[in-house]
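# Tertiary structure, described
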Amino acid sequence: MTFTTLEGPIRVRFAPSPTGELHAGGLRTALFNYLLKRSLGGQLILRLEDTDLEREIPGAAERIMDDLTWSGISFEEGASEGGPYAPYSQSERTGLYQEAVAELIERGGAYRCWCTPQRLDEIRNRARREGAPPRYDGHCRRLTPDEREQLIKQSRPSVVRLASPETDTIVIKDIIKERISFRSRHLDDPILQRSDGRPTAILAGAVDDHLMQVTYVIRGEEWLPSTPYQELIYRFLNWKPPHWAHLPLLLNEQRGKLAKRDPGGTIAELRRDGFLPEALNRYLVSLGRGNLPPEQGWDIESLTDNFTLTDYRAGDAIYSLTALRSENARLLRQLPETKLVARSRPFLAEILPETSSWEEARLVASLSVVQGESVHLRDMVERLAGLLHPPEAAAHLRREFPTADRLLQAIMEELHDQPVTWEADAIKTAINRTGKALGLSGRNLFAPIRLAITGTDHGPELPRIAELIGRSEFLRRIEAAAAGWKAEENL
RNA sequence: GGCGCGUUCGUUCAGCGGUUAGGACGCCGGCCUCUCACGCCGGUAACAGGGGUUCGAGUCCCCUACGCGCUACCA
């Protein structure tokens, strides 16, 4: 196809509607715009598509911005940073759209329509019944100038529709889909301006992309059916259309449209769980183009290194929380100590408030015990909490280890007054020494101790846990377990 | 129903007329190991179906099926 090389500088935009939480698909679109801008140079605009007041949710715009910031995406121009093409909220640009509509009508690219919602309903129902295409029947398009004059004089409410051509085929060149053609006889005459004067998304998007000098429109595939109409608007107004790139949709694991209710659907949920933005970004970028080379960096800037829109396939991609978790766990394992602590702070405050008084070094040492087996920050802190505040030891498992009593007694003696440095390696040596004296090794040696101090039979290396909780707590738990077993025996 | 887009292992991508159809994640097995995880080694598994074109088709064309999107005075 023709898009073998994309050239900058470019102007791109992310245009969310403030109607709810940012979801994974939205973030992916924003990310692609950001990455293309970074790799070719230019500006990224944040434009608020808030022309539909009824569906607007207060605070949604702020939360979307906050999620974008969290993921590392920043804008040159936008609703909150301003810029040369302000305002960047469509609700404040109504006049601009009305000017475009006037021009469009004058050039024959649009016409007023006085049909009532009831009549429109009837047309739709009839079309559905008869299996005909559900399109506007063009009634008002065929009005004579006199009839029009009359209706205008009566000041009856009217909308403005695009006058789609009757013949001809609209061909869209798309960077990802390549070539898409729409036969004009199948096109509708969509509403561009509502009866209250506000624009619809088709119009507002086209006008803004032109006025804001946007060169590449990168958006979700759900917009594909609107593209021929926007292309038509550009043609009627003699504007140069932008390059189009329609991103395949993200599907959930059941192959349905990814919804906010799906696992990991919203960015807010991912943040609550302690996913790392770098892992999320990397996963989102890899969907549709395969794995990134292992040497590729994690931060958002290095994601621009090999970023090309033409690498992406045209098919839908399945967003799998399992895959994201594995990517996140991989990054978590590589996370440097200082970042580890910084990123964990909110979760420590929530789950282990007592750590607020801990020294940085102690936090690093503690988190690193569970770092390797955790999938995200919340999971990691919960695992740490599990070691610090274990459930009751599983007393019944004593039956599995007839030597447990003797072993725990010996361990208490060995580690009680012995001059054993309370450090993992020394503890390990001491445990092995005890085992040797009793003729125990391997599972028979470690499992009863592990059960006594953690209540479970798996987890990080035992000596590391011992070091983490400290000598007195370690001995206390051993003693408690031994006592618990004894009590059970006396029943 | 109409229009548009899509369809290679379970998932995610390679493949761009001739390959034992490859990698990664998952899964299974082994090694390591006190356990789990990590790491390393090995294995499992796919061209939706049917017609063409061609000496030869996962690769090009057509049809069917399936999936998804749009079909609002939503975005």
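Further up the page is the structure itself.
Now for a look at the structure at hand. (Residues numbered from 1 in each chain as written. Chains lettered and ligands numbered in written order. Predicted model: local features only at pLDDT ≥ 70, side-chain atom pairs only at ≥ 80, totals over all residues. Heavy atoms only, no water.)

Turning our eyes to something else, we now look at the overall build of chain A. For chain A, the count of helices and strands is 18 helices and 12 strands. Taking 23 Å as the expected radius of gyration for a compact globule of 491 residues, we find that chain A reaches 32 Å, considerably beyond that expectation. Viewed in the frame of its principal axes, chain A has a C-alpha envelope of about 110 × 50 × 40 Å. Summarising the internal contacts of chain A: among those between residues at least 6 apart in sequence, 76% fall at separations of at least 24. (Helix = DSSP H or I, 4+ residues; strand = E, 2+ residues; numbered from the N terminus. Rg over C-alpha atoms; globule rule 2.2 N^0.38 Å. Contact = heavy atoms within 4.5 Å.)

As enumerated under the stated definition, the model contains 7 aromatic pairs in all. Seen from their ring centres, Phe32 and Tyr312 are 4.8 Å apart, and the 55 degrees between their planes marks the pair as tilted. Remark: Tyr312 occurs in the loop between α9 (277-286) and β12 (317-318) and Phe32 occurs in helix α1 (residues 24-40); sequence separation between them is 280 residues. There is no split in this pair, since Phe32 and Tyr312 are both buried. Centre to centre, the rings of Phe307 and Tyr312 are 6.1 Å apart; their planes meet at 50 degrees, and the pair counts as tilted. Look at Tyr312 and you get buried, because its relative accessible area is 6%. Over the ring of Tyr136 we find Arg161; its NZ or CZ atom is 3.7 Å from the centre of that ring. (Phe/Tyr/Trp six-rings, centres within 6.5 Å; stacked < 30°, edge-to-face > 60°. Buried < 20%, exposed > 50% of the residue type's maximum accessible area, 1.4 Å probe, protein only. Lys NZ or Arg CZ within 6 Å of the ring centre and 35° of its normal.)

Pairing is antiparallel across the open sheet formed by 3 strands, whose spatial order is β4-β5-β8. Across the chains shown, the open sheet's two edge strands, defined by having one partner strand only, are β4 (110-113) and β8 (191-193). Taken pair by pair, the neighbouring strands of this sheet meet at an average axis angle of 45 degrees, ignoring direction. (Pairing = 2+ DSSP bridges. Axes fitted to C-alpha atoms, helices over the stretch in contact; angles between N-to-C directions.)

Okay, the packing of helix α14 (residues 404-416) against helix α16 (residues 442-454) next. Running from N to C, α14 and α16 point in directions that differ by 75 degrees, and their axes come no closer than 10 Å. It follows that α14 is roughly perpendicular to α16 by the angle criterion. Mapping the contact onto sequence places Ala404, Leu407, Leu408 and Ile411 in α14 and Asn444, Leu445, Pro448, Ile449 and Ala452 in α16. Grouping the constituent residues of the contact of α14 with α16 by class yields 8 nonpolar, 1 polar and no charged. (Parallel < 35°, antiparallel > 145°, perpendicular 65-115°, else oblique. Nonpolar A, V, L, I, M, F, W, Y, C, P; charged D, E, K, R; others polar.)

As a further point, take the side chain of Asn281. Here Asn281 is to be found in helix α9. Those residues in contact with Asn281 that lie beyond four places of it in its chain are Leu27, Leu31, Ser71, Ile300 and Leu303.

Turning our attention to the side chain of Glu231. Within the secondary structure, Glu231 sits in helix α7 (residues 227-237). The buried charged residue Glu231 lacks any salt bridge partner; its closest oppositely charged side chain belongs to Arg235, at an N-O distance of 4.0 Å. Here Glu231 is in contact with Ile170, Ile172, Pro241 and Trp244, once residues within four sequence places are set aside. (Lys, Arg positive; Asp, Glu negative; His and termini not counted. Salt bridge = Lys/Arg side-chain N within 4 Å of Asp/Glu carboxyl O.)

Quick look at the protein's contact with RNA strand B now. If you check the shell around RNA strand B, you find 59 residues, and the closest are Ser17, Thr51, Pro134, Arg194 and Gly288. Among all atoms of RNA strand B positioned within 4 Å of the protein, those belonging to sugar or phosphate total 73%. In this structure, Gly372 approaches RNA strand B through a main-chain N or O atom, which is 3.5 Å from a sugar or linking oxygen. The contact in question runs from a sugar or linking oxygen of RNA strand B to an N or O atom on the backbone of Asp457, over 3.0 Å. At the level of secondary structure, the elements contributing two or more residues to the surface near RNA strand B comprise α4 (117-130), β7 (178-183), β12, α10 (321-334), α16 and α17 (462-469). Residue classes in the surface near RNA strand B are distributed as 21 nonpolar, 17 polar and 21 charged. (Near = heavy atom within 4 Å. Polar contact = N/O pair within 3.5 Å; in protein donor to acceptor, adjacent residues only side chain to side chain.)

Of all the 5 residues making up strand β9 (residues 216-220), 5 are buried; the element is thus mostly covered by neighbouring parts of the structure. Viewed along the sheet, the connection from β9 through α7 into strand β10 (residues 243-247) turns out right-handed. (Right-handed = clockwise from strand over helix to strand, strands pointing away.)

A word on unusual backbone geometry. Most peptide bonds take the trans configuration, and most residues that are not glycine carry a negative phi. Residue Pro87 is reached from Ala86 by a cis peptide bond, and omega for that bond is -5 degrees. Along the chain, Pro87 falls in the loop between β3 (77-78) and α3 (94-106). We note that Gln213 has phi near 60 degrees; this positive angle belongs to a residue other than glycine. Take Gln213: it is sitting in the loop between α6 (201-211) and β9. Even without a glycine there, the phi angle at Asn238 is positive, about 65 degrees. Examined against the element boundaries, Asn238 turns out to sit in the loop between α7 and β10. Taking relative accessible area as the criterion, Asn238 reaches 64% and is therefore assigned exposed.

Quick look at α16 now. Between its first and last C-alpha atoms α16 spans 18 Å; for 13 residues at 1.5 Å apiece the expected length is 18 Å, and the two agree. Among all positions of α16, only Leu445, Ala447, Pro448, Ile449, Arg450, Leu451, Ala452, Ile453 and Thr454 are buried. (Expected span 1.5 Å × (residues − 1).)

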